[in-house]
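What follows is the residue order along each chain.
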Amino acid sequence: MKLVDSLRFRIATLFHRSQMNAELEEELRSHIQHRADDLERSGLPHAEAERRARIEFGGVVRYKEESREAAGGTFLESVFQDLRFALRVLRKSPGFTVVAVLTMAMAIGANAVVFGILNALILHPLNLPDAESLYAIQHGNEASSYQSYPDYLDLRDRNHSFDGLAAFSGAQAGLDTGENASRAWIYEVSGNYFDVLKIHPYLGRVFHGSDEHGANSAPYMVLSYALWHTRFHDDRGVIGRMVQINKHPFTIVGVAPPEFHGTLVFFNPDFFVPIVNQEQVEGENLLDMRGKRWVFMTAGHLKAGVTPTQAVADLNSIGSYLERTYPKDDDQRSFALARPSLYGDYLGRPVRAFMTGLMMLAGLILLAACANLGSLFAARAADRSREVALRLALGANRTRILRQLLTEALLLSLLGGAVGLLGSVALLRDLSAWEPFSRWPIHLGVNPDANVYALALLLALASGFIFGAVPVRQVLHTDPYEIVKSGSLGRVGRRITVRDLLLGAQIAICAVLVTSSMVAVRGLVRSLHSNFGFEPQNVVLVDTDLHMASYTGDQVPEMQRRMIDAVETIPGVTSVGFINAVPLVSGGFNGSLVFADATADLRPSNAAADCFMFSISPEYFHAAGTVLHSGRTITWHDDKDAPPVAVINQKFASKLFGSATNAMGRYFKRRDGTRIQVVGIVEDGKYKSLTEDQQPAMFLPLLQLPSSQTYLAVRSSGDPGQMVAAIRNSLRKLDAGLPLYIEPWNNELDTALFASRMAAMALGTLGMMGAMLSITGIFGMAAHSISKRLKELGIRMALGAQRKEVLKAALGRAVKLLAFGSAAGLLLGILASRVLASIVYQATPRDPLVLAGVVLAMALLGLLATWIPAQRALSIDPAILLREE
Amino acid sequence: MTDQAQLLPGTLDLLILRAVSLGPLHGYGILLRIGQISGNALLIEQGALYPGLFRLVRQGLLKASWGTSENNRRAKFYELTAAGRKRLREETANWNRLVNAIGSALGTQPEEV
């Protein structure tokens, strides 16, 4: 209560300040006049009486200030005074102000952007009720969360830890609303999905567990708000309407609330359908197959009072039940909990590691900026030592002077923070609106929120205090008499000062950034030129899903043959082949366990390898540019009635058969017991990601492993852009109702390179910032030390010193700092690059090019920063200089 | 001038309260009154009065209002509030106790110990 009162009083006095000032002045004047009246009465002449009265009164200004202070308005008022003074000082040195504000803006902006992303992706990823108790179940031994549907049902019904367990899986389907058919990204979700997540519909209703009555029993869909808005134009009459998904009728029952985008932070589905209708949506029914792990994720809220550890124990006991009951399908079932938003730990772990690393780097940038500004401030304080000494001599107290300096620092940092925040908010907005991959519904919802603003403000204040505090000791130790007497600070410090340490640290930080950005860029370049196991240049990919146009059974291969024939006749096309999932492009691959031919007990733990499985048409290797090392490729004769055959990669050959030569003609087994003969061996490649270790892979004939979801790889000699149009035309002629997605393979690779590109970009930006900060820092120091020692240098030159010696005297310290700082930074950078290795392909700092690059960059930076001061030192004319002083 | 005593810290407030307790006064009047009641024995720089006055107003011990002085000039007059009157009584009692204690301590003769 007291505090509130006093605050109110202070604010009130602040508003009445001008009135109060006027009154105070009038009162003091009245006092002096009364005294003058008395003196005049005692016989003094009028003018003399007034003069005497004023003298007797004492320092009017001082008493006025003390009176104001006594009246309580002083704190805020003196803050305003400080602010006014600071503005005046800053306006007098616009160069310094601009540099300082920009430095601060850059540093705070970088932090705000990085934190904004961190905040959106990791700290507050999902805008769901009670998000903190929401966990996804992933496998205990790997960062993956796929379950089979029967296993999901067991987990759902047998656990005692979750308030309901929901399942969902992403898929693509053709949506026909009566206008034109188009592809849509959807979630297939368990009936209880919305109830488990506590999501209430924006319009209509959501479906529930009670709507499920076996396969294809619930042809209902819930639209996302975004799709309802764009496709259905906010039409409230849409509820109850029938639309076609892959030519199957579904009823729209509701619209999800606008803030609900599913349970993954980067993948926003267009609509939701019950997972029990899988057959209609995906074309196959895996609901009863315990061995098929295809359900993308299962998640739910932990019951109140259940800890994650207890829940894992509970799940693991279900796991061992599953192992006992279904030894053929369920092997080694253990579980862990993870946050669902970034696909459990699969993306979560690297993203967290990278963002934490980035945040630390941004923090280092801010520290560097503070060090920079701190030394600038110290230099200014030294330059202003005369002013400070004069003010001290005139009776100003030291705290007031310090407060004044601090006000200046805070003003600068807040200004810089505001500019930086504006920039970063714009950047974050752009990032949020950005869809990096045209074909995936992927974007980063990283709109800044109050946390970001608060952090920026906090950082600005903290850094203001940090760099404002640097000159404090200097001011506290100012001896007014010495300085006023001796003119300027004649002493040149020989020992290591705080400023030297700050600058050294800053150079080291910069070197860390330069090192890690070079490591990232180099890794990126290397991954662009690495051997993928295919040649994406001049290949156009056509994503087709015949199921979406309701082709089934034998119609599928027949139609695929017709498509190949049609595309082959396009002029310029050299070869055309089908593959069910394109390496480095498609996300979900079929993995398949393979067994040695001698193995009789086909349980998962006996498998010889878990390998990628592709099904291809004969010409695929030719179209993709994959080199066949030995044997033959697939032919059209490898059909259903022919013996099963496979082409395998070298890794597969060496893993199962010891060597490539050994593998030809040999047999291996699949899970279902089929014996497959190896007829050819192709080169190794990258399949899922650029950073993966070499994986075994096998290619089976499309006719023996049919798939309606396939990509047509079309190699041509012509321009890919024109080719896209020609292919679309010729396929439209075959079937106008088939949704197509056509794109050059190279463009599609952007997805695979996205992570390393982002890493290189982010680190490059931060590295540039660090370099700029170092340049200004070294420049400031060198320039300052030269201006301080002009006289000494002049005398040296007059006494016959050589240019080299003068330079050494003037810049020796800056160069030494640069060398030590760079060396320390390089070492740290090498250590830090280990974090990078998980994101950027072959990121290693033990690369002579990187090391040389860093040294060169730092040297260049030093040269740039010291060039102007060096010129200045060399152009000293001792005669002029000595005359002036 | 030289035989005037320096004020002890904190005693100016007490003197102001006392001066004003005899009737509303403006700033210069308070100085004159202090001089009068102390027999001109205290050295007070004139301006030093005002911070003290403002402090007392802020503490609610004095209240101020503008009026016209005997010289027919505008001046701000100060008078005691109820709190001020109470404070004056307490401070006076304190002061007397202090003076008695110090006085008797300083007046003690060696043989009395």
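Keep in mind it's a predicted model, so treat the numbers as computed, not measured. (Residues numbered from 1 in each chain as written. Chains lettered and ligands numbered in written order. Predicted model: local features only at pLDDT ≥ 70, side-chain atom pairs only at ≥ 80, totals over all residues.)

Moving on, we get to the overall build of chain A. Across its full length, chain A carries 29 helices and 21 strands. Relative to its 885 residues, chain A shows a buried fraction of 44%. Of the contacts formed within chain A by residues at least 6 apart in sequence, a portion of 82% connects residues at least 24 apart. (Helix = DSSP H or I, 4+ residues; strand = E, 2+ residues; numbered from the N terminus. Buried ≥ 20, exposed ≤ 12 C-beta atoms within 10 Å, placed from the backbone. Contact = placed C-beta atoms within 7 Å.)

Within chain B one finds four helices and five strands. Per-residue burial for chain B yields a buried fraction of 28% across its 113 residues. If you take every contact in chain B between residues at least 6 apart in sequence, the share linking residues at least 24 apart comes to 50%.

Our focus in this paragraph is the confidence of the model for chain A. Low pLDDT marks regions whose predicted coordinates should not be analysed in detail. The predicted model of chain A has a mean per-residue pLDDT of 82, with 91% of residues at 70 or higher. This stretch, residues 488-494 of chain A, has a pLDDT under 50; its non-local contacts, to residues over four places away or in other chains, come to five contacts. (pLDDT = per-residue confidence, 0-100.)

Residues and elements named next belong to chain A. At their nearest, the axes of helix α19 (residues 555-568) and helix α23 (residues 720-734) sit 9 Å apart, and the two run at 140 degrees to each other. The angle between α19 and α23 falls in the class oblique. Of the two elements, α19 crosses α23, and the hand of that crossing is right-handed. Facing α19, whose interface residues are R562, M563, A566 and V567, α23 presents I727, S730, L731 and L734. In terms of residue class, the contact of α19 with α23 is made up of six nonpolar, one polar and one charged. (Axes fitted to C-alpha atoms, helices over the stretch in contact; angles between N-to-C directions. Parallel < 35°, antiparallel > 145°, perpendicular 65-115°, else oblique. Left-handed = near helix turned anticlockwise from the far one by under 90°. Nonpolar A, V, L, I, M, F, W, Y, C, P; charged D, E, K, R; others polar.)

With that settled, the discussion passes to the interface of chain B and chain A. Residue-level contacts link 17 residues of chain B with 19 residues of chain A. Listed by contribution, the elements that provide at least two residues to the side of chain B that touches chain A are α2 (27-37), α3 (49-58) and β5 (74-80) of chain B. Sorting elements by how many residues they give to the side of chain B that touches chain A places α3(B) first, with five residues. Considering only residue class, the side of chain B that touches chain A consists of six nonpolar, five polar and six charged.

Attention shifts here to the environment of A:V855. Note on placement: A:V855 falls in helix α28 (residues 848-874). A sequence separation of 32 residues divides A:V855 from A:A823, and the C-alpha atoms of the two residues are 8.6 Å apart.

Let's shift gears to unusual backbone geometry. All names here are of chain A. The backbone phi angle of K198 is positive, close to 60 degrees, even though this residue is not glycine. Relative to the elements of secondary structure, K198 occurs in the loop between α8 (193-197) and β4 (203-204). Exposure remark for K198: the 13 C-beta atoms within 10 Å place this residue in the partly exposed category. In this structure, K247 is a non-glycine residue whose phi angle is positive, near 70 degrees. Note on placement: K247 falls in the loop between β6 (242-245) and β7 (248-255).

A few words now on the packing of helix α6 (residues 94-123) of chain A against helix α14 (residues 398-433) of chain A. All names here are of chain A. Running from amino to carboxyl end, α6 crosses α14 at an angle of 45 degrees, the nearest separation of the two axes being 7 Å. The angle between the axes of α6 and α14 places the two elements in the oblique class. The interaxial crossing formed by α6 with α14 has right-handed handedness. Along the contact surface, α6 presents A100, V101, T103, M104, A105, M106, I108, G109, A112, V113 and G116, while α14 presents L412, S413, L415, G416, G417, V419, G420, L421, G423, S424, L427 and L428. Class assignment for the residues of the contact of α6 with α14 results in 14 nonpolar, nine polar and no charged.

Our next topic: the nonpolar core. Residues and elements named next belong to chain A. In this structure, I108, A110, I365, A369, C510, A511 and L766 are the most contacted members of the largest nonpolar core, which totals 99 residues. With 18 residues, the single largest contributor to this core is helix α12 (residues 344-383). With residues up to four places along the chain from it excluded, the contact list for A511 reads G821, S822, G825, L826, G829, V854 and M858. (Core = buried A, V, L, I, M, F, W, Y, C linked by C-beta atoms within 7 Å.)

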